[in-house]
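Fold and geometry: a report
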Amino acid sequence: MKARRTNSRDKILAAAADVARETGPGSLSLDAVAGRAGVSKGGLLYNFPTKAKLMQALVEDYLRAFEQALDAARTAGVSGESPLATYIKLSAEHAAESKPSASWIFSAIAEDPDFLTPIKAFRRQVFERLKGETPDLKALLVCYLAIEGLRSMNLFDSDVLSVDERRLLISSLLEIAG
């Protein structure tokens, strides 16, 4: 029975991610997600009692996938590349991907103030991990905050950098990371 619930939960999350990509997370409809997942709305609500809980699970899923990609990139990484450089490259790739408007995040926070808890915990975990692997704290701070700035500009659709300026920033950060 537990495997079935996990399977339906995974199907619902995959369907929600598809619907969010197509319509934008702010327009995510529980009916559309249930239909796409092939479950009843009651089944969806059993796994995710509110839209905010579904959105939180999507964010947690994204964070897990990013961490797995970071681990995989480190394992398959360039010989001699620092963990900070690997983080910069992967983060820059993710930040460059087009993202929907941030309005959905505001509505999710308004509905559930704990929505940001897994994001904060993930960022702290990644930062502490990098801190343990990076001998130069100043370099880590500059690089980490610059990458988080790129993420924020992307999330809030307020990127002021040209493609060339973004490339220059990334290459500068990679130099700093060593």
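Residues numbered from 1 in each chain as written. Predicted model: local features only at pLDDT ≥ 70, side-chain atom pairs only at ≥ 80, totals over all residues. Heavy atoms only, no water.

What to know about the packing of aromatic side chains
Aromatic rings considered in pairs are described by the distance between their centres and by the relative angle of their planes. Scanning all chains against the criterion turns up three aromatic pairs. Both rings, one in Phe66 and one in Phe122, keep their centres 6.1 Å apart while their planes meet at 80°; by these two values the pair is edge-to-face. Of this pair, Phe66 sits in helix α4 (residues 51–75) while Phe122 sits in helix α7 (residues 117–133), and the two are 56 residues apart along the sequence. Taken together, the ring pairs connect Tyr87, Phe127 and Tyr144 into an aromatic cluster. (Phe/Tyr/Trp six-rings, centres within 6.5 Å; stacked < 30°, edge-to-face > 60°. Helix = DSSP H or I, 4+ residues; strand = E, 2+ residues; numbered from the N terminus.)

Observations regarding the side chain of Arg151
Tracing the chain through its elements places Arg151 in helix α8 (residues 137–155). Accessibility expressed as a relative area gives 16% for Arg151, which makes it buried. A polar atom in the side chain of Arg151 sits 2.8 Å from the side chain of Ser91. Those residues in contact with Arg151 that lie beyond four places of it in its chain are Tyr62, Phe66, Tyr87, Ser91, Ala95 and Arg123. (Buried < 20%, exposed > 50% of the residue type's maximum accessible area, 1.4 Å probe, protein only. Polar contact = N/O pair within 3.5 Å; in protein donor to acceptor, adjacent residues only side chain to side chain. Contact = heavy atoms within 4.5 Å.)

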